[in-house]
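Remarks on the overall topology
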Amino acid sequence: MKKIEVIIKPFKLDDVKEALSSVGIHGMTVTEVKGFGRQKGHKEIYRGAEYLVDFLPKIKVEMVVSSELVDQVIEKVIAAARTGSIGDGKIFVMPVETVVRIRTGERDLDAL
Amino acid sequence: MNAADTAFVMVCAALVLLMTPGLAIFYGGLARSKNVLSTMMHSFFLMGLASVIWLVYGYSLSFGSDIGGFIGGLDHLLGRGVGAEVMKDLTIPSSVFMAFQGMFVIITPALISGAVAERMKFKAYVIFTILWITVVYAPICHWVWGGGWLQELGCLDFAGGLVVHLNCGVAALTAAIIVGKRRGYGTRAFIPHNLTLTLLGIGLLWFGWFGFNAGSRLAADGVAGNAFLVTHMAAATGALSWVFAEWILKEKPTTLGFASGAVAGLGSITPACGYVGTTAALVIGGVAGVICYLAVLAKDRLGYDDSLDVVGIHGVGGVWGTLATGLFASTLINADGADGLFLGNASQLGVQAVGVVATILYCAVATAAILFVVKALVGLRVTEEEEDAGVDTAAHGEVGYNL
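In this text the structure is predicted, and so the values were computed from the model without any measurement. (Residues numbered from 1 in each chain as written. Chains lettered and ligands numbered in written order. Predicted model: local features only at pLDDT ≥ 70, side-chain atom pairs only at ≥ 80, totals over all residues. Heavy atoms only, no water.)

Moving on to the confidence of the model for chain B. Per-residue confidence for chain B gives a mean pLDDT of 97; residues scoring 70 or more make up 100%. Of the two predicted TM-score estimates for the complex, the pTM is 0.90 and the ipTM is 0.77. (pLDDT = per-residue confidence, 0-100.)

This is the structure we're talking about:
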């Protein structure tokens with residue numbers, strides 16, 4: 001099992017969610033986050049005082065999937081979230097040891 | 001007594017009261033979210049505190065029988081002698097006059113609070129405002145409106161260019177310097193947390209300002225009508241000229257610029273509104289938007305932390321409006337007033353300048369003295385940890401947003 005963490009532009013969330021549903025991902029956790037990478041921030045002006053705002057709003061989508069689904073997920077996310085301009089985000093994949101469904105006590109793939 | 005005048009002034013008093021919550025919303029939006037409540041409390045608290053001071057002795061010091069042109073006597077302590085009988089030279093009961101003037105003593109110190117927002121200790125703020133209303137507001141109000149020396153001299157201030165705007169602007173500058181900068185000023189970003197609140201606030205201020213200016217005629221007549229019209233026009237041109245100035249200098253027309261320009265125009269027309277016509281109003285508002293914007297820009301170079309720009313907007317606007325009254329005033333608009341420089345009476349501009357200089361000197365010295373007393377008594381600032389965490393939790397044990 002792998003955990004996939006995806007950072008995307010906020011307005012791409014619906015596209016990404018739909019693309020993931022099409023490969024059978026029916027659970028995910030979404031967080032509103034702020035951050036920056038190569039995409040620099042933007043300038044804001046209040047009564048003439050200029051501020052460089054580094055941290056831009058992004059969406060983080062987290063999901064745990066069986067290992068064989070990983071490549072498919074990555075492909076789908078790229079297709080859905082890519083605009084081609086700087087700031088499209090990143091995908092992180094990491095191993096997961098155990099998953100437990102709290103309601104039933106089921107473990108691992110049964111619990112996904 | 002005239003029923004129409006009385007009804008008009010009562011409605012205007014209620015409009016002026018509404019400006020204080022309006023100001024709280026205007027300032028609250030400009031603060032950071034961790035300080036929104038303390039910033040708003042600075043205004044709201046005075047609706048209680050200043051009102052009680054006004055009844056107990058503030059009104060008497062301002063409008064009691066004149067003592068040496070400097071201050072009023074104690075003949076109206078606790079509202080003694082204030083009631084249904086008609087005010088001398090007016091057509092409204094003294095109770096209505098007292099209520100109307102009482103709204104001004106609330107908003108003037110509330111305006112100052114913008115300069116010390118996000119760092120002043122609440123206890124210090126309370127003591128400061130009590131002393132400031134007593135030692136600064138009441139005498140200057142008496143000089144200009146209560147039969148004091150500036151009024152005798154013929155200084156024109158229809159609705160509070162000196163008493164309210166320049167007065168609060170000078171006090172704000174003094175307080176910003178003595179209280180000191182917010183932690184991180186100049187290195188960290190101080191970004192308004194909710195400009196939608198600020199825009200709602202300017203809406204309420206603009207609305208209430210009709211009562212502030214037109215109501216200052218204390219009668220429902222042609223001069224009040226003129227004040228109403230020119231107030232609106234100066235707000236309009238102030239908002240436009242600020243926005244166009246920043247559009248040219250900083251490439252973007254901002255909503256905060258529109259709101260700030262409207263306040264600059266409104267503050268500047270305040271002393272003039274009962275004496276000048278519509279063309280003058282366009283000029284007064286238009287110039288106000290530009291010079292107040294430039295004054296706010298200059299703040300960074302001058303190095304004081306006037307958090308919400310009271311000095312640049314009310315102080316500069318108050319000076320400009322009071323001097324502009326000496327330029328544009330016309331007895332054709334108001335026979336009780338005087339002609340200004342452009343109608344051949346250069347001396348009026350001199351009299352207005354005397355009012356400006358006297359207000360600046362007295363207010364600066366007295367405000368500084370009060371602040372040093374308060375500093376010695378309880379200290380002026382919250383601790384550094386409290387400032388970092390936000391004054392709301394430290395002073396009031398609340399947060400503005402539990403989302």
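With that out of the way, let us pick up the pattern of salt bridges. Residue and element names in this part refer to chain B. All chains considered together, the criterion is met by 18 salt bridges over all chains. Residues Arg-183 and Asp-388 are paired through a salt bridge, measuring 2.9 Å at the closest nitrogen-oxygen approach. In this pair, Arg-183 sits in the loop between α6 (161-179) and α7 (195-214) while Asp-388 sits in helix α13 (residues 384-389), placing the two residues 205 residues apart along the sequence. Given the relative accessible area of 28%, Arg-183 is considered partly exposed. Arg-381 is paired through a salt bridge with Glu-387; the nearest N and O atoms lie 3.0 Å apart. (Salt bridge = Lys/Arg side-chain N within 4 Å of Asp/Glu carboxyl O. Helix = DSSP H or I, 4+ residues; strand = E, 2+ residues; numbered from the N terminus. Buried < 20%, exposed > 50% of the residue type's maximum accessible area, 1.4 Å probe, protein only.)

Residues and elements named next belong to chain A. In this structure, strand β3 (residues 42-46) lies alongside strand β4 (residues 49-53), joined through five bridges in antiparallel fashion. Its bridge partner being in β4, His-42 is matched across the sheet by Val-53. Joining the antiparallel neighbours β3 and β4 is a turn of two residues, in which Arg-47 adopts a positive phi near 50°. (Pairing = 2+ DSSP bridges.)

What follows is about a nonpolar patch on the surface. Residues and elements named next belong to chain B. Taken together, the side chains of Leu-240, Phe-244, Trp-247, Ile-248, Leu-249, Phe-258, Val-290 and Leu-294 define a hydrophobic patch exposed on the protein surface, amounting to about 790 Å² of accessible area. Taken together, the elements giving at least two residues each to the nonpolar patch come down to α8 (222-250) and α10 (278-302). If one sorts the elements of the nonpolar patch by residue count, α8 sits on top with five residues. Within the fold, Trp-247 resides in helix α8. In this structure Trp-247 comes out as partly exposed when scored by relative accessible area, which is 44%. (Patch = residues over 30% accessible without salt bridge, like charges linked within 9 Å, V, L, I, M, F, W, Y side chains within 5 Å. Areas by Shrake-Rupley, 256 points an atom, 1.4 Å probe, with all protein chains shown as cover.)

Okay, unusual backbone geometry next. All names here are of chain A. With phi around 50°, Arg-47 is a residue other than glycine that occupies positive phi space. Here Arg-47 shows up in the loop between β3 and β4. Residue classification places Arg-47 among the buried positions, given a relative accessible area of 6%.

Okay, the packing of helix α2 (residues 36-63) of chain B against helix α3 (residues 94-112) of chain B next. All names here are of chain B. At a closest axis distance of 8 Å, the pairing of α2 and α3 adopts a crossing angle of 125°. Put simply, α2 runs oblique to α3. Seen along the crossing, α2 lies across α3 with a hand that is right-handed. Here α2 contributes His-42, Ser-43, Leu-46, Met-47, Ala-50, Ser-51, Trp-54, Leu-55, Tyr-59 and Phe-63 to the contact with α3, which in turn contributes Phe-97, Met-98, Gln-101, Gly-102, Val-105, Ile-106, Pro-109 and Ala-110. For the contact of α2 with α3, the class distribution of residues is 13 nonpolar, five polar and no charged. (Axes fitted to C-alpha atoms, helices over the stretch in contact; angles between N-to-C directions. Parallel < 35°, antiparallel > 145°, perpendicular 65-115°, else oblique. Left-handed = near helix turned anticlockwise from the far one by under 90°. Contact = heavy atoms within 4.5 Å. Nonpolar A, V, L, I, M, F, W, Y, C, P; charged D, E, K, R; others polar.)

So, on to the side chain of His-42 of chain B. Residue and element names in this part refer to chain B. Take His-42: it is sitting in helix α2. Overall, the relative accessible area of 3% leaves His-42 in the buried class. Those residues within four positions of His-42 in sequence are excluded, and the remaining contacts are Ala-110, Ser-113, Ala-117, Phe-122 and Tyr-125.

Time to look at the side chain of Thr-367 of chain B. All names here are of chain B. Tracing the sequence through the fold places Thr-367 in helix α12 (residues 346-378). Taking the relative accessible area as the measure of exposure, Thr-367 reaches 0% and is therefore buried. Each residue touching Thr-367, except ones within four places of it in the same chain, is listed here: Phe-128, Trp-132, Val-136, Ala-171 and Thr-174.

This part covers the interface of chain B and chain A. Across the boundary between the two partners, chain B contributes 20 residues, which contact nine residues of chain A. For the chain B and chain A pair, buried surface summed over both sides reaches about 1100 Å², with 61% attributable to carbon and sulfur atoms. When the buried area of chain B at its contact with chain A is split by residue, Ile-191, Lys-250 and Leu-256 of chain B rank highest and sum to 37% of it. At the surface where chain B touches chain A, the tally comes to two salt bridges. Between Asp-309 of chain B and Arg-47 of chain A there is a salt bridge whose closest N-O contact spans 3.2 Å. Taken together, the connections running from chain B to chain A amount to six residue pairs in polar contact (both at pLDDT 80 or more). Put simply, the parts of the chain that give the side of chain B that touches chain A at least two residues each are α1 (3-30), α8, α9 (255-269) and α10 of chain B. The element that contributes the greatest number of residues to the side of chain B that touches chain A is α10 of chain B, accounting for four residues. When the residues that make up the side of chain B that touches chain A are grouped by side-chain class, the tally is 14 nonpolar, two polar and four charged. (Buried area = accessible area lost by both parts, 1.4 Å probe. Polar contact = N/O pair within 3.5 Å; in protein donor to acceptor, adjacent residues only side chain to side chain.)

Residues and elements named next belong to chain A. Ordered in space as β2-β5-β1-β6, the four strands form an open sheet in which the pairing is antiparallel. Strands at the two margins of the open sheet, each flanked by one partner only, are β2 (29-35) and β6 (89-95). In this sheet, adjacent strand axes meet at a mean angle of 20° when their direction is disregarded. Here β2 pairs with strand β5 (residues 56-65) via seven bridges, running antiparallel. Looking across to β5, one finds that Val-30 is bridged to Val-61. Its contacts with the sheet put helix α1 (residues 13-22) on β1 (2-8), β2 and β5, and the angle it makes with β5 is roughly 10°.

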